[in-house]
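As a plain string of letters, each chain reads:
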Amino acid sequence: MHEAAYAFTGYIYPNEAKLLWSVLIVLYPYITGLVAGAFILASLLSVFRVKAVHPTYRLALLTSLSFLLVATLPLLAHLGHPERSFEIFVTPHTSSAMAMFGFVYAWYLMLVLCVEIWFEYRADMVRWAGECKGLKRLIYRIITLWDDDTSPRSVQMDHKIAYAVTVIGIPSAFLLHGYVGFIFGSVKANPYWASVLMPVVFLFSAIVSGIALVLLLYQVTAHLRWKKADMACLDTVGRYLLYALIVDFALEGLDVIHRIYVAEESFDILSLMVTGKLFLTLVIAQVLLGGLVPMLALASTLVFRIPDKTRQWLYVVVSLLVLQGIFFMRWNVVIGGQLFSKSLLGFTTYKLDIAGREGAMVALIIMGLPFIILTVLTWLLPPWVDNDAAPGDHGATDKPEAAAVPAQASAK
Amino acid sequence: MTHDDTLSRRDILKKTFALGSGVFLCTFAVKAAKGESPDPTPAPKGAGDPTGSYKLPNGYEPSAHYYGYGIDLDKCIGCTRCVDACKTENSVSRTEPNFRTWVERYVIRDDDTLEVCSPKGGLDPYPAIEDPGSVAKSFFVPKMCAHCERSPCEQVCPVGATLKSPDGVVLIDKKYCIGCGYCIQACPYGCRYFDESTRTAGKCTLCYHRITRGLRPACAEICPTGARVFGDLREKDGPLAKFLREHRVQVLKPHMGTRPKLYYHNLDKEVR
Ligand code: SF4
Ligand code: SF4
């Protein structure tokens, strides 16, 4: 029966007829990558003091949190027994790469992101609690734990702690996503996945996607609020995106060259797959549209004088291209890694259903959730930094900048 | 006031941290507690029993055995009665792509082209060989879980639902498995599958319910030519020890470092 239902070519082990990890498992590294990438962009300001990216700082933190909150959903939806998932926490099998997921996740969510955002916003929330009424006021009060100290001393303390947390946060973000790469890279049974470079490649592609997402969101939100996006900021973020893209591209190129040169026993089937079944998603979507075109476009902003308006459009298009490129990079790893048989003699196919538990609808809903969460978060914790004074920026404790720019004020 | 408040915030942080570490430690406490009480049922729970010194109600002592499996490819005639027997014995789905064992047919032509097939694991008839004159050689290869000594499937299971019993059998606790499928990805031999009826992973148990009663697995029992040799590696005069003594054997994908305990006699280089 099954051979009619599950199409395959060549010879595959009979148990391989049904591709196991679906589009939901593609979303998992995609979403955690966005989390880690957005956070690393935020840390550019707070740790490396790249002042120009200031307008994106808080937005990047909130974006990171919004995506982190849904990061477990695709996994849970995919499990055969989601109700048993807590067993990963209660009785983790220490030799398993996947068992640490819960701890890495909890560490990042609780100890890094939430703490960082809390200290970043505390003084503002105290102030907003005074300005607002009703529900919002209550929420601020609860989140600030009824602490209403906004003295310069305590604000400085906040900044110090936020700085310390970011410093811990960078390796944590590396851990969060490098770890996701390790989950795949450590599967020695799968020659397409098994690679020491996998965690590093995952990490850099995460940085690329996170930066692109914030770059896009910053422009979209500025547009929606009828504000002008800060061009200096856009240019700086765009430049970092280019650097990250170059490193990512170089790493993946190294991986490809290595595979071609050593040409192990799996080489024939993998190259057949890359030039055949994965041609559209890998060569076109990931490498060409998601890598080469954005790199050339970004480089052109450095070489040529391009008018602001055009440049802005260029950044929008580049971010979209990069975001789809990284999505297909995850797709190619997760789905591609299961398309060929471990007998190295044939391929199976993957058909993305529209409805159903692991269909495209569920995937779209999961991808939409972070944006809803982000909308709520930006209502509660406005991240905007506008030259013409947004609600979050004036009447601040001491110097207006200090409330929003944590690191410069406190580091050293 | 400012001073106190700063302190109180620090207190909060401290408490949060203490709570967090508390949860973390509890996790390991629970784990340790589970490990302390070996479960005397046929399917040991959770992380299993590290010491391995327990007995089943029928007096069977897992640590007294260490099972392996030999297949003499010269003797396999591709009747695939083993595939059928396994499905029946273990109620494995006949419609889903779920196979605990299957039989592959290899046809190698004079011009070195290779044709491999295993229609429905061997339950369906093998297609007739076209142009028999150009066939250099042809043979059958039964496949099944090798109950690897260093089983990657056991290594990767995040909750310890896959376990290695002290008698060398790799089992899944289906009441514990969360159905993540990581083990299915980790098996280099394609021996695991996702069982829709339980929504967990599934695999060969070496007919654990039979071998713990002194019987052979169904596949070894039914094989009409004696190609399949089940046995205890500890039993020096047993059938498997004899098979290993009298034949030169090979395992599949030895470079994976999984140390399979499924030994083939006369394995061809084309078989993976
Ligand atoms: S053959 Fe596969 S399922 Fe069996 S023990 Fe080895 S890795 Fe696990
Ligand atoms: S599917 Fe079940 S047995 Fe396999 S790794 Fe996941 S929890 Fe373990």
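Residues numbered from 1 in each chain as written. Chains lettered and ligands numbered in written order. Predicted model: local features only at pLDDT ≥ 70, side-chain atom pairs only at ≥ 80, totals over all residues. Heavy atoms only, no water.

**Student:** A description of the site of ligand 1 should follow, citing residues and the corresponding values.
**Tutor:** Near ligand 1 there are 13 residues, and of these Cys-145, Ala-146, Cys-148, Cys-153 and Cys-187 of chain B occur at the shortest range. Classifying every residue of the shell around ligand 1 gives nine nonpolar, two polar and two charged. (Near = heavy atom within 4 Å. Nonpolar A, V, L, I, M, F, W, Y, C, P; charged D, E, K, R; others polar.)

**Student:** Now, about the interface of chain B and chain A: what can you tell me, with residues and values included?
**Tutor:** Across the boundary between the two partners, chain B contributes 68 residues, which contact 59 residues of chain A. Summed over both partners, the interface of chain B with chain A buries about 5,300 Å², with 58% contributed by carbon and sulfur atoms. Where chain B touches chain A, the interface holds three salt bridges. Connecting chain B to chain A are 32 residue pairs in polar contact (both at pLDDT 80 or more). Elements supplying a minimum of two residues to the side of chain B that touches chain A: helix 1 (2-36), strand 2 (101-109), strand 3 (114-117), helix 3 (152-156), helix 4 (182-186) and strand 7 (193-195) of chain B. (Contact = heavy atoms within 4.5 Å. Buried area = accessible area lost by both parts, 1.4 Å probe. Salt bridge = Lys/Arg side-chain N within 4 Å of Asp/Glu carboxyl O. Polar contact = N/O pair within 3.5 Å; in protein donor to acceptor, adjacent residues only side chain to side chain. Helix = DSSP H or I, 4+ residues; strand = E, 2+ residues; numbered from the N terminus.)

**Student:** Outline the side chain of Arg-127 of chain A, listing residues and values.
**Tutor:** Residue and element names in this part refer to chain A. Assignment of secondary structure puts Arg-127 in helix 6 (residues 101-131). Given a relative accessible area of 13%, Arg-127 falls into the buried group. A distance of 2.9 Å separates polar atoms of two side chains, one belonging to Arg-127 and the other to Asp-124. (Buried < 20%, exposed > 50% of the residue type's maximum accessible area, 1.4 Å probe, protein only.)

**Student:** Explain the sheet that holds strand 9 (residues 228-232) of chain B residue by residue, including any values.
**Tutor:** Paired through backbone hydrogen bonds, the strands of a sheet run either parallel or antiparallel to each other. Residues and elements named next belong to chain B. The strand order across the open sheet built from four strands is 9-1-11-10, with neighbouring strands paired in mixed fashion. Pairing within the sheet leaves two strands with one partner each, and these edge strands are strand 9 and strand 10 (249-250). Two elements, strand 1 (residues 67-72) and strand 9, share five bridges in a ladder whose sense is antiparallel. Pairing of Gly-68 across the sheet is with Gly-231, part of strand 9. (Pairing = 2+ DSSP bridges.)

**Student:** Got a sec to walk through the pairing of strand 11 (residues 262-265) of chain B? Specific residues and values, please.
**Tutor:** All names here are of chain B. Where burial is concerned, the two faces of strand 11 agree: the one with Leu-262 and Tyr-264 and the one with Tyr-263 and His-265 are both buried. Alignment of strand 1 against strand 11, held across four bridges, turns out to be parallel. When the sheet's bridge partners are listed, Gly-70 is paired in strand 11 with Tyr-263. Pairing of strand 10 with strand 11 involves two bridges; the strand directions are antiparallel. Bridging across to strand 11, Gln-250 finds its partner in Tyr-264.

**Student:** Tell me about the sheet that holds strand 2 of chain B, and please be specific about residues and values.
**Tutor:** All names here are of chain B. Sheet architecture is open: three strands sit in the order 3-2-4, paired in antiparallel fashion. For this open sheet the edge positions go to strand 3 and strand 4 (135-144), each flanked by a neighbour on one side alone. With direction set aside, neighbouring strand axes in the sheet form an average angle of 15 degrees. Pairing of strand 2 with strand 3, which is carried by four bridges, proceeds in the antiparallel orientation. Bridging across to strand 3, Arg-105 finds its partner in Cys-117. (Axes fitted to C-alpha atoms, helices over the stretch in contact; angles between N-to-C directions.)

**Student:** Let's hear about unusual backbone geometry: which residues, and what values?
**Tutor:** Residues and elements named next belong to chain A. Positive phi, normally seen in glycine, also occurs at Arg-49, with a value near 50 degrees. Position of Arg-49 relative to the elements: it lies in the loop between helix 2 (23-46) and helix 3 (57-70). Given a relative accessible area of 34%, Arg-49 falls into the partly exposed group.

**Student:** Describe the confidence of the model for chain B, and please don't skip the residues or the numbers.
**Tutor:** Residue and element names in this part refer to chain B. Chain-level pLDDT for chain B is 86 on average; 81% of the residues reach the 70-or-more range. Across chain B, element-level confidence peaks in strand 11 with a mean pLDDT of 98 and bottoms out in helix 1 with 48. Across residues 1-7, where pLDDT falls below 50, the model places 10 contacts with residues more than four positions away in sequence or in other chains. Low pLDDT, under 50, characterises residues 26-50; the predicted model gives this stretch 38 contacts beyond four residues in sequence or across chains. For this predicted complex, the interface confidence reaches an ipTM of 0.86, while the overall pTM sits at 0.87. (pLDDT = per-residue confidence, 0-100.)

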